[in-house]
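Each chain is listed here by its residues.
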Amino acid sequence: MRAPRAWLAAAVTAVLIAPVAPARAAEPAYPFRDPDLPLAARIDDLVGRLTPAEKISLLHQYQPAIPRLDVGAFRTGTEALHGVAWLGETTVFPQAIGLSTTWDPDLIRRVGGAVGREARGFHAQDPAGNGLNVWAPVVNLLRDPRWGRNEEGYSEDPYLTGVMSTAYSRGLAGDHPTYLQTAPTLKHYLANNNEVRRETTSSVLPPRLLHDYEYAAFRPAIAAGAATGVMTSYNLVNGRPATVEPSLDAEVRTWTDRDLMVVSDAYAPGNLTGPQAYHATQAEANAAAVKAGVDSFTQDGDSAASTVAALTAATEQGLLSWSDVDDALRHIFSVRFRLGEFDPPGRNPYAAITPDVIDSPEHRRLARQAADAQLVLLKNAPPAAAAGGRRHQRALLPLAASDTRRVAVVGPLADTVYTDWYSGTPPYTVTPRQGVAARLGAGATVVGGEGVDRIALRDVATGRYVTATGTTDADAVTVRGARPARRRSSTSSTGARGCSPCAARRTGATSATTGARSSPGTPSPTGGMCSSSSSWRPSRTARTRSGTPATRPASRGSRPTGT
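Residues numbered from 1 in each chain as written. Predicted model: local features only at pLDDT ≥ 70, side-chain atom pairs only at ≥ 80, totals over all residues. Heavy atoms only, no water.

K.L.:
Please provide a residue-by-residue account of the pairing of strand β2 (residues 74-79), values included.
P.N.:
Judged by how many residues are buried, β2 sits mostly within the fold: six of six residues are covered. As paired strands, strand β1 (residues 62-63) and β2 are joined by two bridges and run antiparallel to one another. Its bridge partner being in β2, Tyr62 is matched across the sheet by Arg75. (Buried < 20%, exposed > 50% of the residue type's maximum accessible area, 1.4 Å probe, protein only. Helix = DSSP H or I, 4+ residues; strand = E, 2+ residues; numbered from the N terminus. Pairing = 2+ DSSP bridges.)

K.L.:
Can you lay out a nonpolar patch on the surface for me, pointing to particular residues and giving the numbers?
P.N.:
Taken together, the side chains of Trp103, Val376 and Leu378 define a hydrophobic patch exposed on the protein surface, amounting to about 420 Å² of accessible area. Looking at the element boundaries, Leu378 is found in the loop between α13 (361-374) and β9 (406-410). (Patch = residues over 30% accessible without salt bridge, like charges linked within 9 Å, V, L, I, M, F, W, Y side chains within 5 Å. Areas by Shrake-Rupley, 256 points an atom, 1.4 Å probe, with all protein chains shown as cover. Salt bridge = Lys/Arg side-chain N within 4 Å of Asp/Glu carboxyl O.)

K.L.:
I'd like to hear about the pairing of strand β10 (residues 445-449), residue by residue, with values.
P.N.:
Consecutive side chains along a regular strand alternate between the two faces of the sheet. Here five bridges tie β9 to β10, and the two strands are oriented parallel to one another. When the sheet's bridge partners are listed, Ala408 is paired in β10 with Val447. Of the crossover connections in this fold, the one passing from β9 over helix α14 (residues 432-440) to the parallel β10 is right-handed. (Right-handed = clockwise from strand over helix to strand, strands pointing away.)

K.L.:
Describe the sheet that holds strand β3 (residues 133-135), and please don't skip the residues or the numbers.
P.N.:
With mixed pairing, the five strands of this open sheet are ordered in space as β1-β2-β3-β4-β6. The open sheet is flanked by β1 and β6 (229-232), the only strands paired with a single partner.

K.L.:
Tell me about unusual backbone geometry, residues and numbers included.
P.N.:
Ala136 connects to Pro137 through a cis peptide bond whose omega is 0°. As for its position among the elements, Pro137 is in the loop between β3 and α6 (158-173). The residue after Lys187, namely His188, is reached through a cis peptide bond having omega -15°. For Ala277, which is not glycine, the phi dihedral falls at a positive 50°. By relative accessible area, Ala277 is classed as exposed at 57%. Not every positive phi belongs to a glycine, and Asp300 is a case in point at roughly 65°. Along the chain, Asp300 falls in the loop between α10 (282-292) and α11 (305-316). A residue is classified by how much of its surface remains accessible, and Asp300, at 28% relative accessible area, is partly exposed.

K.L.:
Let's hear about the packing of aromatic side chains: which residues, and what values?
P.N.:
For the coordinates displayed, the defined rule picks out nine aromatic pairs. A centroid spacing of 6.2 Å and a plane angle of 80° characterise the contact between Trp86 and Trp421, whose relative ring orientation is edge-to-face. Highlighted residues: Trp86 in the loop between β2 and α4 (96-100) and Trp421 in the loop between β9 and α14, separated in sequence by 335 residues. Comparing Trp86 with Trp421, the two get one shared label, buried. Considering the side-chain rings of Phe337 and Phe342, the 4.4 Å spacing of their centres and the 35° angle between planes classify their relative orientation as tilted. Taken individually, Phe337 and Phe342 each receive the classification buried, so the pair is uniform in this respect. Taken together, the ring pairs in this structure connect Tyr30, Phe32, Phe333, Phe337 and Phe342 into an aromatic cluster. For the cation-ring pair, Lys187 lies above Tyr422, with the distance from its terminal atom to the ring centre recorded as 4.2 Å. (Phe/Tyr/Trp six-rings, centres within 6.5 Å; stacked < 30°, edge-to-face > 60°. Lys NZ or Arg CZ within 6 Å of the ring centre and 35° of its normal.)

K.L.:
Any chance you could break down the environment of Gln374 for me, citing the residues and the numbers?
P.N.:
Turning to its location among the elements, Gln374 is positioned in helix α13. For Gln374, a relative accessible area of 23% gives the class partly exposed. In the structure, Gln374 is positioned 280 residues away from Pro94 in sequence and 7.9 Å away in space, judged by C-alpha atoms. Non-local contacts of Gln374, meaning those with residues more than four positions away in its chain, are made with Pro94, Gly98, Leu99, Thr101 and Thr102. (Contact = heavy atoms within 4.5 Å.)

K.L.:
Can you explain the sheet that holds strand β8 (residues 240-241)? Please cite residues and give values.
P.N.:
The strand order across the open sheet built from three strands is β5-β7-β8, with neighbouring strands paired in mixed fashion. Sheet topology places β5 (202-203) and β8 at the edges, where each strand pairs with a single neighbour. The pairing of β5 with strand β7 (residues 236-237) spans two bridges and is classified as parallel. Across the sheet, the residue bridging to Ser203 is Val237, located in β7.

K.L.:
Kindly report on the side chain of His60, identifying the contributing residues and their values.
P.N.:
You can see His60 is positioned in the loop between α3 (52-57) and β1. The class of His60 is buried, set by a relative accessible area of 0%. At a separation of 3.1 Å, a polar atom in the side chain of His60 contacts the main-chain amide nitrogen of Tyr62. A distance of 2.7 Å separates the side chain of His60 from the backbone oxygen of Gln299, its partner in a polar contact. Other than its neighbours up to four places away in sequence, His60 contacts Ser296, Phe297, Gln299, Gly301, Asp302, Ser303, Ala304 and Thr307. (Polar contact = N/O pair within 3.5 Å; in protein donor to acceptor, adjacent residues only side chain to side chain.)

K.L.:
Which residues make up α10, and what values do they have?
P.N.:
An α-helix turns once per 3.6 residues; consequently, residues spaced three or four apart project the same way. With respect to burial, α10 is a largely interior element, eight of its eleven residues being buried. Looking at α10, one finds that the buried residues are Ala283, Ala285, Asn286, Ala287, Ala288, Ala289, Val290 and Ala292. In this fold, the buried residues of α10 make contact with α8 (247-250), α9 (268-271), α11 and α12 (322-338). With its phi angle positive at about 135°, Gly293 sits one or two positions after the end of α10.

Below, the structure is given as structure tokens:
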């Protein structure tokens, strides 16, 4: 029995010490899943596997999942102008126009990086709902304050705008050679600086203005590879709607060797057959948009039915070729692949970002740094001496808590924190007056006020007062109530005779710019009105298509339709 046992032991030993062949990694189910293949080959493989109906469905903002290929859903459009907006509490950085006054591209890149990380954090919370295609920055030039949205842009100068938008886009996109942290989209192409009847007004751009001013603002971030696409604007350019602007392909795509994804503004495709009446049918309109360079249709919210129907009809009528559709899909998938959607998570460093980055202490400190850096101090001389006293030698700022006992913070924004249309939801706010009080501590007294006159406008012929229901052209100035007895004259708050046929008087009521009535009574549409030099500013609180005032939504469940 010894011999067989010895033989068995030897056999077992030989098996145990034999080299083990390394296990082979599972082959990707499809070539487009292979991260080691060239990007173009992967995109071609995926596009080639789609059915005609699947291809059409992916040209809408809300791209459905393709379960048979294990392709997930994808949505374009997360607002991220100076922080992630409309998704909940997040780090809110200074407005874009404030960021530009830092004159510090490296700081702006770091801000963009923080915003991109938080976008990834929100995406980790809800991958289907919180997309990584971010609609920022805005590079429209601030030519005229009457636009009412100048806080969204960087400058009236195309060079400064190009530098800052490139820096912010680099931060959003990240610095990995293969993967994108987010996919920045420049807004709004082209010459979008008008809110009044913006879907029917045309911006006239002679060649020199077009090339030296408008293109000069959009080109830098695209040429640097920092931005991954553009959004078309609502307006017309030289009589043609921007949604079918041929320079999308003929000009913008020549600025880079990379594919760009072009998205329409919300409901803009429908304007082509609606108020613009540029095309007779939606099939013609959508076909023209794709041929011009639009890849993704932002239309009807999350309902793709009308877009799919129009594009399907366009292919059936010969208005749109399948090669045109495939080109648009390649542009879309070039972004989706670079975001790492089709690769193993270990390959993409940004896939490891968790919601913990949202409103992190590090980002709060960066927001404070940006807020400090954006301030432009025009003068900082020592305060004047009191009568008979000795002039101070130290500059007024920074305030020293040790010897500052009483401070007045004066101005319309002394105790106000404005959140604009594209602001995120701040977890906390600090007004200038509160900040000064916190800086000086309990040993100082901080007082303040608006430093402006609040007025009411009264028609001296009728005695009725002007009221306002809002701050847009859609908000009417109405007349209500009985006409009171005629009065002979009125006097303004300064004691001067009121202007004819109306006069201004001070009131403690809320100003008309809040949408509330400024005084008792109602306005008269007849005769002139007195004007006030107090702080009026346009508002973005009424930007629905119907003209009904709408507040900035606080969650993803209620997203506005215009951008």
